Amino acid sequence: MEAEERSEPAGAEYVLHLYITGATPNSTRAVRNIKDICEQYLKGRYELLIIDMYQQPELAQREQLIGAPTLIKRSPGLVRRLVGDLSDRERVLKALGITPTLPTSGTSL
Amino acid sequence: MLETPITPASPQPPALPKLPKAPSGIDGLDEITEGGLPLGRPTLICGSPGCGKTLMGIEFLVRGIEHYNEPGVLMTFEESAAELAANVTSLGFDLPRLQAEKKLRVDQVHIDRSEIEETGEYDLEGLFIRLGHAIDSIGAKRVVLDTIEALFSGFPNQAVLRSEIRRLFHWLKDKGVTTVITAERGEGSLTRQGLEEYVSDCVILLDNRVIDQITTRRLRIVKYRGSTHGTNEYPYLITEEGISVLPVTSLQLNHDVSDKIVSSGIPALDDMFGRRGFYQGSSVLITGTAGTAKTTLAATFAAETCRNNQRCLFLAFEESPQQLVRNMQSVSIDLAPYVANGLLKIEATRPTLNGLERHLVSIHKIIRDFKPAAVVIDPISNLISVGNLSEVKSMLIRLIDFLKVNNITALFTSLISGRNIQQELTEEGVSSLVDTWISVRDLEGVGERNRGISILKSRGMSHSNKVREFLVTDRGLHLLDVVIGPAGIVTGAGRLTQQLQEQAQLVAAQQEQERKDRELERRRRVLEATIGNMRTEFESVEEELRQINNEELARQQAQAQGKAQLADPLPYQQNAGSRPSQA
């Protein structure tokens, strides 16, 4: 899953956009979860943008959003969409291409 | 007083509050749904692939924009906006223009299973926001979701999806937009994902059936909450002008009728009808076995209509226009000038070219464009090759109704198979639908075949009960006078024999008469001669008697004279002598 480094204007390795829908439970959970993950695994290497879809509804069409909340990983590598409150940490990490360095995950895969 | 439209009393009960409806603008659908789709509610259109679900949805939007000024949102889950636009361009739907005019918004929802990772709880609020934004940005009144089931391929969590779809439909209702949701037909259920349980207001089922290699599309309204609706399966077509559903032209049998009479083109045939022809706007059926001049009768009628400066549409399913014109020339029916001046339009197609519905639609279209006063279909029996009996019948019902409502006189010919002429039933079973039924048949006698024409029924007027023999001559059709022989009406050679016999009898009778006259004359002369003789005899006798009389008179005079002479010289003597007793 090692992808080539792209030079982002911000210089961050991970560019993550989280689209939420106001202060719904799912959204707040998602915000908390992604912040956790970023702090834990990507400290200093990420750029996280949290966007409220209600504020910018035209974005929903442009970004092909259906589910909410949705996290879009723009880089590195292929664009991936993560739908849900990001509580399935293992899947989130896998989808983001992060190999857990800490012995937090007990399960295989 | 010629044209007295008889309007029946309106069967409408006092108006009850009705479910508000949004007219779909789709040809015929609004008649079946009695006004359109439920206003502000979702309608489910389900059907197998190739039914035209998407097209129906798009037409609903486009017609809404064009006819009812209701902007619309098209949310497509399968095809891209560009693809859709290209697909419907041929129908005259200019989606890009409507989009540019802010009357239409197309939102393509792209779902790629491989791109989506479920990482916990979620909902489909994104979809709601997109839809809400699209609706609000143009003030849409109509929404089409094509095909929302695609979501099921993108999101594996069925529980979430189902509750979200349920929520979506509620939300759309709350927004007050009239929504059309398309869905794929499922096995054993209306839709593959059971969407019908969420959309409970109106469900329309489209069907695509191939029977005997001919495809027929059919539409049925499975349910329509809060409203009555047509319950049948209605054929529909995808024409170059969009979808066209063919209801039984709201068969209420309350069209106006005309009192006008149109001629059949054959005076003697007209005379067989109590009012010398057919009612205008009525339907006439000519049935007969092969070669009984059905087409000739039909062409005569067509020519007569054109001769009266009225337009006539001749739908020929057996002959090409050129062939028809040529063949009719052989019996002195010249159709060519009428074709040339546009009064007669001959449309020749093979019945198998199209399905019945296509025929019906094309006939409708021609009639609408051409506006004929009379329509001839020759023959309807050929349509059997395209559909089964009940379909043909229902098509003909619709056609007859359509013609009647438009006050167009219709003349159909129908071939009756079988040698049994008593079997006076048309295979299409339309005989009960028509107003006038003329039967032409072979009257097969000893060694020859003759054509007989009779009227089986004629609604609204009396008619002759005679079977009239008719001849197809090179000067047209001629009905012959009824010749009644000892055993009923005689035809053909029998008729000729009968006529010859009658002629001979007539001559004989005449001769007899003449003979009698001569005899009388002779007797008269004999008698006159006798009378002359007798008169002569009488004269001679009279002469003789007169002679005798005269002689007697002369004698008496002479005697008297003699006595006087005697008396003068001797009167006394004479006196004494004459009266001796006195002396």
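For the structure given in this document, a descriptive report is provided here. Every value quoted in this text rests on a predicted model; they were computed, and no experiment measured them. (Residues numbered from 1 in each chain as written. Chains lettered and ligands numbered in written order. Predicted model: local features only at pLDDT ≥ 70, side-chain atom pairs only at ≥ 80, totals over all residues.)

### Looking at the overall build of chain A
- Regarding its fold elements, chain A presents 3 helices and 4 strands.
- Of all 109 residues assigned to chain A, the portion counted as buried reaches 29%.
- Across chain A, every contact between residues at least 6 apart in sequence was considered, and the portion connecting residues at least 24 apart equals 64%. (Helix = DSSP H or I, 4+ residues; strand = E, 2+ residues; numbered from the N terminus. Buried ≥ 20, exposed ≤ 12 C-beta atoms within 10 Å, placed from the backbone. Contact = placed C-beta atoms within 7 Å.)

### A short note on the environment of I384 of chain B
- By the secondary structure assignment, I384 of chain B is in the loop between β18 (374-378) and α13 (389-405).
- Taking the C-alpha atoms as reference, I384 of chain B lies 9.4 Å from T352 of chain B; in sequence the two are 32 residues apart.

### Concerning the nonpolar core
All names here are of chain B.
- Membership of the largest hydrophobic core comes to 154 residues, with the highest contact counts inside it found for A302, C312 and V376.
- Built from parts of two domains, this core gets at least three residues from each of domain 1 (21-114 + 123-245) and domain 2 (261-482).
- Apart from the residues lying within four places of it in its own chain, the contact partners of C312 are A302, T305, C306, L343, L344, P372, A373, A374 and V376. (Core = buried A, V, L, I, M, F, W, Y, C linked by C-beta atoms within 7 Å. Domains from an automatic or database assignment.)

### Overview of helix α14 (residues 492-567) of chain B
- Counted at 1.5 Å a residue, the expected span for α14 of chain B with its 76 residues is 112 Å, and the 107 Å between its end C-alpha atoms agrees.
- With 2 of its 76 residues buried, α14 of chain B lies for the most part at the surface. (Expected span 1.5 Å × (residues − 1).)

### Focus: unusual backbone geometry
- Of note, the bond from A68 of chain A into P69 of chain A is cis; its omega dihedral lies within 30 degrees of zero at -5 degrees.
- Inspection of the secondary structure assignment puts P69 of chain A in the loop between α2 (57-62) and β3 (70-75).
- The residue after D378 of chain B, namely P379 of chain B, is reached through a cis peptide bond having omega -15 degrees.
- Topologically, P379 of chain B is positioned in the loop between β18 and α13.
- Positive phi values are uncommon outside glycine, yet K371 of chain B reaches one of about 50 degrees.
- Within the element layout of this structure, K371 of chain B appears in the loop between α12 (356-370) and β18.

So far we have only geometry, and geometry alone does not tell us how the molecule works.
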